[in-house]
Amino acid sequence: MAGVRLRGSKPAPEALRAHDRHRPWVIAPVLAVLLLYCWCYTHLAAWLGVPTPAEVFHALGLSGGRILDGDGNVDSKLYVSLTAIFSNDDERLIVFAGLFGCFLNVYFAPLRYKNQAIVGWFVPLFAVLYGLPATVLLIAAHVAVWLAFHPTARGSVAGAGAFGALVGWLAAGSAALPGQALAIAGGAAVAAGLYRWIRPAVIRGGRIVAVVRACLIQTCMIMIVAATVRQAITGHVWVMPVGLAFFCFQWARLMVYHADYRDGEVPRDLPLGDYLAVFLTPVAIPNLAYAPYLGQGYAFLQERRLTEDKSALVLSGVKLWCLALMYMVFAEYATARFVVFMREVCGVEVYKFTSELVQAHLAGAELSTPTVLVSTIVDQARIFLIYGGVTHFRVGAWRVLGYRMETQYDRPWLATNLAALWSRWAFHFREFLVRVFYYPVFFAWFKRRRTLRIFVATMVATVVGNLIWGHIPPRTILDLRGSTLAAGLSTWPYFLLLGLGISITQVVLLRRPRTRKPWTRDRRIVLDVLCAYLTFQFFALIHVFIRPQEGGSLWAYTRLFLRGFGIHVDG
Amino acid sequence: MTEAEIARTIHAYFTASYPHLGRTLEYDTDLLNEWFVDSLGIVQTVQFLEDTFGIDVARADVQVDNFHSVRALAAYVRRKLG
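In terms of regular secondary structure, chain A is built from 25 helices and zero strands. Looking at chain A as a whole, 46% of its 571 residues are labelled buried. For chain A, restricting intrachain contacts to residue pairs at least 6 apart in sequence, the fraction spanning at least 24 positions comes to 73%.

Quick look at the structure:
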């Protein structure tokens, strides 16, 4: 089937060459901002003997509360998950150094070697942070996907041999050197031989190959279901190996890659290096669970690679890094000050976290409607600042590496309806759901009934896709218990309300197209302000269903939700 | 319906539904790189084409060749209308 392109098309080779002009001075701003990050978030200042953030705060007569952490640095929302080889500060220093090295390499490498530069920096960086076994497992998992999808690629049999060698090394574990060598050589020989034998069948495709590919892409969901079922039966909680967990955290990107492949947008003979560059990038390392879908699949990246002058892209990335730093440094401070202001000046009791609000409600606290409304908004504002900071950092890193990536958050306060908010609040997540769930349903079902068509496609994406493939994996990959899965599934009312809100908005907009652009400076701008508030308030309020607490029930959450509308129902 | 009339209708739809401040949509403006808001814009355009011109847009038809400009879309609709 011919491809459905989301946005734009891959830049032509001559455009890529034109956009690849070196301007060495751009190294300075990248280095300056990364050094600023190092000064804020690592022990670099102490090592160099320059004033630390805490010393600067004290010199200025500021306490630095809620901004500084225990060791005199800025409390960081940027971190490296799943590893404890180094301290958090040292991990961050390694990531920043790795990003700078990768930037230099990618910036100056010839066009055809840029992908190799990305992977080339990721592998040692990952190995230092997570260890060799995790690195080998992650690479082996991706090589397996590449072998299943690209049997006609040059060197695929050698790739199978490499896969066998990696698996052999993992299987040998702590065996003596001769044993390891035997396992590596044996694994390589067996895998290469086996792959050579089955390769014609993989090239032909067919149902079994399609199932194998789908299973590889859905490794994450298969692992979650298998581990939770096993835990329910045996009581044993399985901890996923780090390399596999990292692979599973790329579930959404793998699904988009699969969709790209099915739509013919991925070259069948894609070389291994180009495949790995989609997934194995230093940008994927910090804050693994924050917007793991960022970067999408193959086509998305190709359409964004060097779409403009690379130095302009780098500078736009650096600007985003500056914005990210501001968000991350002041997020907790700003929300805490606002909570104090509401309590002391306005006399409204406000909880900084929706989870605290829910706990207080379950404990029998008499919560007023303003408390419910303001608390849920404050929590969303805090999440926006923290997530916005972290995702801006990651998007900035993509841009520094030469990709014109959209920001995850795009001034969500301008959204005057839920459909617009959904796009402005989580652009990349929305793109993932549209690509993987909305499109297939939209083009296959109810073609003659337009309202139903839009409604069902939106509901499938926003309820089923959002809950099962959006919400469950990040919640359960690191805690493979049945209770975690059940708690995740119990949040369905949030997804249903969000899905209904977005679907109804879509249908209304389709039936009654706008005649006026929102935020036009006329007297109806007051309505825009009201719509923007109501939209965001509704979105914030439904979060009471997604913060389940011990002892909570659907009815208890519903009562709290209704209290936001001024409806007091006794339990 | 002539191709010029179709192009005018499509042009009016894009300028109303996806206004870009300070920019003018020409018949040859690259819709995919310069005008579409996001992926949802594509399905909304598909719905618009089906509703307005009574054609059946297949998924296979939603590709760069047909969607890259107002002129290309008009030509596509004209072909579908027969």
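This is not the end of the story, as more comes after the structure.
This part takes up the overall build of chain B. Helices and strands together make up the secondary structure of chain B, namely five helices and zero strands. Secondary structure elements of chain B, listed N to C terminal, follow the sequence α-α-α-α-α. What you see for chain B is a C-alpha radius of gyration of 12 Å, in line with the 12 Å of a compact globule of 82 residues. Its C-alpha atoms give chain B principal-axis dimensions of about 35 × 25 × 20 Å. When the 82 residues of chain B are sorted by exposure, 30% land in the buried category.

For helix α16 (residues 310-344) of chain A, built from 35 residues, the straight-helix expectation of 51 Å at 1.5 Å per residue is met to within 8% by its first-to-last C-alpha distance of 50 Å. Maximum bend of α16 of chain A: about 50°, positioned at F330 of chain A.

Looking now at the environment of M342 of chain A. Residue and element names in this part refer to chain A. Within the secondary structure layout, M342 lies in helix α16. On the neighbour-count criterion, M342 (18 C-beta atoms within 10 Å) is partly exposed. Once you skip the residues sitting within four places of it in the chain, M342 turns out to touch V348, V350 and V374.

The subject of this paragraph is the packing of helix α2 (residues 27-41) of chain A against α16 of chain A. Residues and elements named next belong to chain A. At a minimum axis separation of 10 Å, α2 and α16 run at an interaxial angle of 20°. When the axis of α2 is compared with that of α16, the two are roughly parallel. Handedness of the crossing formed by α2 with α16: left-handed. Packed against α2, whose contacting residues are P29, V30, V33, L36, Y37 and C40, the element α16 presents V314, L315, V318, W321, C322 and L325 at the interface. Of the residues belonging to the contact of α2 with α16, the class tally is 12 nonpolar, no polar and no charged.

The subject of this paragraph is the environment of R154 of chain A. Residues and elements named next belong to chain A. Mapping R154 onto the fold places it in the loop between α7 (132-149) and α8 (156-172). Among the residues examined, R154 registers 12 C-beta atoms within 10 Å and is labelled exposed. The spatial distance from the C-alpha of R154 to the C-alpha of L320 is 39 Å, given a sequence separation of 166 residues. Discounting residues that sit within four places of it in the chain, R154 has contacts with D269 and P271.

As a further point, take the confidence of the model for chain A. When pLDDT is averaged along chain A, the result is 91, and 98% of the positions lie at 70 or above. Within the model, pLDDT remains below 50 along residues 1-7 of chain A, and this stretch shows 29 contacts once partners closer than five positions in the same chain are excluded.

Once that is clear, we can look at helix α1 (residues 3-17) of chain B. An α-helical segment advances 3.6 residues per turn. Residues three or four places apart therefore align on the same side. Residues and elements named next belong to chain B. The terminal C-alpha atoms of α1 lie 21 Å apart, and with 15 residues this matches the ideal 21 Å at 1.5 Å per residue to within 8%. Among the residues of α1, I6, A7, I10 and F14 are the ones counted as buried. Burial along α1 is one-sided: seen end-on, the buried residues are contained in an arc of 100°. Exposed positions of α1 whose direction lies more than 90 degrees from the buried face are A4, E5 and A12.

Residue and element names in this part refer to chain A. Although it is not a glycine, L82 sits at a positive phi angle of roughly 70°. Along the chain, L82 turns up in the loop between α4 (53-59) and α5 (88-108). You can call L82 partly exposed: it has 18 C-beta atoms within 10 Å. Phi at A291 takes a positive value of approximately 50°, unusual for a residue other than glycine. Along the chain, A291 turns up in the loop between α14 (272-279) and α15 (298-304). For A291, a count of 22 C-beta atoms within 10 Å corresponds to the buried category.

Right, let's talk about the environment of A415 of chain A for a bit. Residue and element names in this part refer to chain A. In this structure, A415 sits in the loop between α18 (369-400) and α19 (418-425). A tally of 21 C-beta atoms within 10 Å means that A415 is categorised as buried. When the C-alpha positions of A415 and V374 are compared, they lie 19 Å apart, and in sequence the two are 41 residues distant. The contact partners of A415, leaving out residues within four places of it in the chain, are A420, L421, R424, A532 and T535.

Rules used throughout
- Residues numbered from 1 in each chain as written.
- Chains lettered and ligands numbered in written order.
- Predicted model: local features only at pLDDT ≥ 70, side-chain atom pairs only at ≥ 80, totals over all residues.
- Helix = DSSP H or I, 4+ residues; strand = E, 2+ residues; numbered from the N terminus.
- Buried ≥ 20, exposed ≤ 12 C-beta atoms within 10 Å, placed from the backbone.
- Contact = placed C-beta atoms within 7 Å.
- Rg over C-alpha atoms; globule rule 2.2 N^0.38 Å.
- Expected span 1.5 Å × (residues − 1).
- Bend = angle between axes of the 7 residues up to and from the residue.
- Axes fitted to C-alpha atoms, helices over the stretch in contact; angles between N-to-C directions.
- Parallel < 35°, antiparallel > 145°, perpendicular 65-115°, else oblique.
- Left-handed = near helix turned anticlockwise from the far one by under 90°.
- Nonpolar A, V, L, I, M, F, W, Y, C, P; charged D, E, K, R; others polar.
- pLDDT = per-residue confidence, 0-100.
- Arc of directions from axis to C-beta.

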